[in-house]
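Topology and contacts: notes
Single-letter residue listing:
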Amino acid sequence: ILNVEQSPQSLHVQEGDSTNFTCSFPSSNFYALHWYRWETAKSPEALFVMTLNGDEKKKGRISATLNTKEGYSYLYIKGSQPEDSATYLCAPHWANNLFFGTGTRLTVIP
Amino acid sequence: DTAVSQTPKYLVTQMGNDKSIKCEQNLGHDTMYWYKQDSKKFLKIMFSYNNKELIINETVPNRFSPKSPDKAHLNLHINSLELGDSAVYFCASSHLGQGYGYTFGSGTRLTVV
């Protein structure tokens, strides 16, 4: 079982603020790093899959970067909106499975 | 047109019973998974299965068994249910390989009384 840590555990931001959170994971035997967005009462939804050191992916106002050498990834949200409120999960891909962190719970206050 | 569908959505049952949760995907994926969301809201892998290999998380009790009649279905069968089995169980599917995102079902909330 991989040790995946996400910080902060929860975060409140004002609408319009930009924010970011961190995922750290063991850098050895790295295959891929996934980010998911999980709204309450729904199922996790894939945001990004990153495989290469230095990868940067973007989807609208959300972007992510990856550092496989030191074992971390950042997720950025620019100009947060209330609909961005959700739990954001990262998951390294290892031994044909995803191992999820506990997530960062983001609440955007209108 | 639901991509990954689980049934039932809610399941309340007594201790000692045997129950199954069904999962079906219509995405043409070759790998399916079962995850358990524990009391701390943490998603833990239970099984992954494709047409070649079943990978079992060794911490899963052998009362839990996956059954796959074909590659579009992976059902979860649980024998002799215990109170501690109460949780939300999520099915997911993907193409095999680390570059592919998973598509999750909407979850089954199991309550053992």
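Structural notes, computed from the coordinates. (Residues numbered from 1 in each chain as written. Chains lettered and ligands numbered in written order. Predicted model: local features only at pLDDT ≥ 70, side-chain atom pairs only at ≥ 80, totals over all residues. Heavy atoms only, no water.)

Looking now at the interface of chain A and chain B. On the side of chain B, 22 residues touch chain A, which itself brings 21 residues to the contact. Between chain A and chain B, the buried area comes to about 1,700 Å², and carbon and sulfur atoms account for 64% of it. Sorting the residues of chain A by area buried against chain B places Trp38, Asn97 and Phe100 of chain A first, and these three jointly supply 30% of that buried surface. On inspection of chain A and its partner chain B, the count reaches zero salt bridges. Our count for the contact surface shared by chain A and chain B stands at four residue pairs in polar contact (both at pLDDT 80 or more). Those elements that provide at least two residues to the side of chain A that touches chain B are β4 (32-38), β5 (45-50), β9 (86-94) and β10 (97-98) of chain A. Among the elements that make up the side of chain A that touches chain B, the one with the highest residue count is β4 of chain A (four residues). (Contact = heavy atoms within 4.5 Å. Buried area = accessible area lost by both parts, 1.4 Å probe. Salt bridge = Lys/Arg side-chain N within 4 Å of Asp/Glu carboxyl O. Polar contact = N/O pair within 3.5 Å; in protein donor to acceptor, adjacent residues only side chain to side chain. Helix = DSSP H or I, 4+ residues; strand = E, 2+ residues; numbered from the N terminus.)

With that out of the way, let us pick up the state of the cysteines. In protein chemistry, a disulfide is the covalent bond that joins the sulfur atoms of two cysteines. Enumeration over the complete set of coordinates arrives at two disulfides over all chains. Note on cysteine connectivity: Cys23 of chain A is disulfide-linked to Cys90 of chain A, with sulfurs 1.9 Å apart. Here Cys23 of chain A and Cys90 of chain A share a disulfide; its torsion about the S-S bond, 70 degrees, makes the bridge right-handed. With Cys23 of chain A in strand β3 (residues 19-24) and Cys90 of chain A in strand β9, the pair connects residues that are 67 residues apart, well separated along the chain. The class of Cys23 of chain A is buried, set by a relative accessible area of 0%. Classification of Cys90 of chain A as buried rests on a relative accessible area of 0%. Shown here is the disulfide that connects Cys23 of chain B with Cys91 of chain B, its sulfur atoms set 1.8 Å apart. Taking the sign of the S-S torsion, -75 degrees for the link of Cys23 of chain B and Cys91 of chain B, the bridge is left-handed. Of this pair, Cys23 of chain B sits in strand β3 (residues 19-25) while Cys91 of chain B sits in strand β9 (residues 87-94), and the two are 68 residues apart along the sequence. (Disulfide = S-S within 2.5 Å. Buried < 20%, exposed > 50% of the residue type's maximum accessible area, 1.4 Å probe, protein only.)

Residue and element names in this part refer to chain B. Its place among the elements puts Gln6 in strand β1 (residues 4-7). Within the local environment of Gln6, its side chain forms a polar contact with the backbone nitrogen of Gly107, the two atoms lying 3.0 Å apart. Of the polar contacts made by the side chain of Gln6, one reaches the side chain of Thr108; its length is 3.1 Å. Dropping the residues within four chain positions of it, Gln6 is found in contact with Ile21, Lys22, Cys23, Trp34, Tyr89, Phe90, Cys91, Gly105, Ser106, Gly107 and Thr108.

Further remarks concern the pattern of salt bridges. Residue and element names in this part refer to chain A. Per the stated rule, a full pass over the model turns up six salt bridges over all chains. A salt bridge links Glu39 to Lys42, with the shortest nitrogen-to-oxygen separation between them at 3.8 Å. Overall, the relative accessible area of 47% leaves Lys42 in the partly exposed class. For Asp84, the salt bridge is made with Arg61, and the minimal N-O distance between the two is 2.8 Å. Residue Asp84 is located in the loop between β8 (72-77) and β9, and its partner Arg61 is located in the loop between β6 (56-59) and β7 (62-67); the two are separated by 23 residues in the primary sequence.

All names here are of chain B. Strand order in the open sheet formed by four strands is β1-β3-β8-β7, and the pairing between neighbours is antiparallel. The open sheet is flanked by β1 and β7 (64-67), the only strands paired with a single partner. Going across the sheet, the axis of each strand differs from the next one's by a mean of 20 degrees, ignoring polarity. By the bridge criterion, four bridges tie β1 to β3 in an arrangement that is antiparallel. Note on β3: the bridge partner recorded for Gln6 is Cys23. (Pairing = 2+ DSSP bridges. Axes fitted to C-alpha atoms, helices over the stretch in contact; angles between N-to-C directions.)

Pro8 of chain A follows Ser7 of chain A through a cis peptide bond whose omega is -5 degrees. Backbone geometry at Ala41 of chain A places phi at a positive 65 degrees, although glycine is not the residue there. Following the sequence through the fold, Ala41 of chain A ends up in the loop between β4 and β5. The phi dihedral of Ser80 of chain B is positive, around 45 degrees, even though this residue is not glycine.

This brings us to the nonpolar core. One broad trend across soluble globular proteins is that nonpolar side chains are buried collectively. All names here are of chain A. Counting residues in each nonpolar core, the largest one holds 22 residues, and the members touching the most others are Phe21, Leu33, Trp35, Leu75, Tyr88 and Leu106. Elements with a minimum of two residues in this core: β2 (10-14), β3, β4, β5, β7, β8, β9 and β11 (104-109). In this structure Leu33 touches Cys23, Phe25, Phe48, Val49, Met50, Leu66, Ser73, Cys90, Ala91 and Pro92, once residues within four positions along its chain are discounted. (Core = buried A, V, L, I, M, F, W, Y, C linked by side-chain atoms within 4.5 Å.)

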